[in-house]
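Each chain, letter by letter, is given below.
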Amino acid sequence: MESRDLETLKSYAVRVRKLTVKATEPVLTEEAVRALSMIRSNHDPALTPNLQRLRWEATHSNYVYLLPIFISRRLSRLSIPEQFTSELWSPNVPPLCPSLRSFSLNCSTHMEADIGFLDQWERLQFVTCGLLTPQSFKRISSCPALQSFTFTIPERGDAWVQTIGVDHSSFPQLRETSITCSSLDPTSTWLERLQPQLGSLQISMPSGVAEPGSVVYLFNILQRHPLSTLSLRSSNPRVQRRHLSMSVLHLLFSCPLLTQLSINVCSFGIDNDDLEALAKAFPKIEVLEIVSAPVNDPSRITLDGLLPLLKHCPNLATLKISIDASQVTKSIDRPGGGIRNTLITQLSLYSSPIRDVGLVALFLSDVLPNVRAIEETSASESWNMVATLLEVLTLARRQERKWCARLDSDPELG
């Protein structure tokens, strides 16, 4: 590379603030890579001295040694492939970007990654990775500023949790964690060792099997934490849910700050009274997604049972639940008695029986006037008809309210 070409490259590189490096063809030759690598020899500054965000996706062996030339002291976010963690230069990266606040490891295998150098970043607040060696986990647990941690617990989680050496002094500032695991017990054991300070816990279970005893164990531990978000979910559409009593959910009633409760790995026996109790326990709730009946059994929550929920939870914007809409109370008054939620725009339902489409649509148009779509897991045509009727009824109610407002301002129109 000619010196003139290098100066031109640097003049453009100094402007770069965000950079994504992808694997493209043709791959740079070894000669080109060596030439670029020399840019940072003799303690020269980075090629991109003002770079703040770097996402490295190229995994070809020719690109391995290029990463350090782009790392600047202003870098705050770094994302690299897991293949790079085994390179000899990896421990030398932290001194090049001492202000790093966010680190992500793009994992594509089920191998444990060794990233024990992370504790060298004193300002590191966010870490996203996959499987880690026990030694790496121990090092990360001592990061003084770490607030958010996303990781995976290996299949043999019980043995793993005994080797990580975590105690109450670990993760001193941790507030959010997202965990992928096949069993809840290792997760609970790890959480039990932490200080009661978590505000957000999101657990993903690919298998979707959550044993009742494990759920109880987890919820007992979570009572001590000031949770605002709890998500316990599986993306497996064929998940075999265990059915639990409402008393298990009662364990979470000591978490009044909850704004999100999303659980689909098990079902709970909930009726109208239980739903009202839940609404009073979580008045700040914004997202509520729970399976309120076992498979093949009708829900014990009726349409009228939704009213206390909407009344006591004014911030509710996302609702996924199972209801029994086969019985609807007929009345010449407004179905909701004045209770309305205008934040929910899509109603999501687990399998929910329905009989009178018109009455159901009339009820929902009054209490959920902004619902534009209904998603029901059994793909019932009846619920599709309700969604169609809602559009017409909602328009009619708007026209009625507009006309009443005009009458109030000009009585002669009447």
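A. Spatial organisation of the packing of aromatic side chains. Going through the model one piece at a time under the given rule, you end up with 15 aromatic pairs. Aromatic pair Phe103 and Phe117: ring centres 6.4 Å apart, planes at 85 degrees, arrangement edge-to-face. Of this pair, Phe103 sits in strand E4 (residues 102-106) while Phe117 sits in the loop between E4 and strand E5 (126-128); the two residues are 14 residues apart in sequence, bridging distant segments of the chain. Here Phe103 matches Phe117 in class, with each residue buried. On the basis of an interplanar angle of 70 degrees and a centroid distance of 6.1 Å, the ring pair of Phe117 and Trp121 is categorised as edge-to-face.

B. Structural view of the side chain of Ser234. When you line up the elements, Ser234 lands in the loop between strand E9 (229-233) and strand E10 (242-244). Of the residues examined, Ser234 reaches a relative accessible area of 9% and is grouped as buried. Side-chain polar atoms of Ser234 contact the backbone nitrogen of Asn236, separated by 3.1 Å. Residues contacting Ser234, with those up to four places away along its chain left out, are Met205, Pro206, Ser207, Gly208, Asn264 and Val265.

C. Representation of the pairing of strand E6 (residues 148-152). Of the strand pairs in this sheet, E5 and E6 are connected by three bridges, and their pairing is parallel. Looking at E6, one finds that Val127 is bridged to Phe149. Looking at chain direction, E6 and strand E7 (residues 176-180) are connected through five bridges and run parallel. Residue pairing for E7: Ser148 is matched across the bridge by Glu176.

D. Expanded view of the nonpolar core. In this structure, Trp56, Phe149, Trp190, Phe219, Leu261 and Leu364 are the most contacted members of the largest nonpolar core, which totals 119 residues. Top contributing element to this core by residue count: helix H11 (residues 357-367), with six residues. Not counting residues up to four positions away in its chain, the partners in contact with Leu261 are Leu230, Leu249, Leu252, Phe282, Ile285, Val287, Leu288, Glu289 and Ile290.

E. Looking closely at the pairing of strand E12 (residues 287-291). Across the five residues that make up E12, a large majority, five, are buried. Burial of the side chains of E12 extends over both faces: Val287, Glu289 and Val291 are buried on one face and Leu288 and Ile290 on the other. Handedness of the strand E11 (residues 260-268)-helix H9 (residues 272-281)-E12 crossover: right-handed. Bridge count between E12 and strand E13 (residues 318-321): three bridges; the pairing is parallel. Opposite Val287, over in E13, you have Thr318 as the bridge partner. Each parallel crossover has a hand, and the one from E12 via helix H10 (residues 306-312) to E13 is right-handed.

F. Seen up close, unusual backbone geometry. Within the chain, Phe171 stands out as a residue other than glycine whose phi angle is a positive 50 degrees. Considering the arrangement of structural elements, one finds Phe171 in the loop between helix H5 (157-161) and E7. Exposure remark for Phe171: the relative accessible area of 1% places this residue in the buried category.

What counts as what
Residues numbered from 1 in each chain as written. Predicted model: local features only at pLDDT ≥ 70, side-chain atom pairs only at ≥ 80, totals over all residues. Heavy atoms only, no water. Phe/Tyr/Trp six-rings, centres within 6.5 Å; stacked < 30°, edge-to-face > 60°. Helix = DSSP H or I, 4+ residues; strand = E, 2+ residues; numbered from the N terminus. Buried < 20%, exposed > 50% of the residue type's maximum accessible area, 1.4 Å probe, protein only. Polar contact = N/O pair within 3.5 Å; in protein donor to acceptor, adjacent residues only side chain to side chain. Contact = heavy atoms within 4.5 Å. Pairing = 2+ DSSP bridges. Core = buried A, V, L, I, M, F, W, Y, C linked by side-chain atoms within 4.5 Å. Right-handed = clockwise from strand over helix to strand, strands pointing away.

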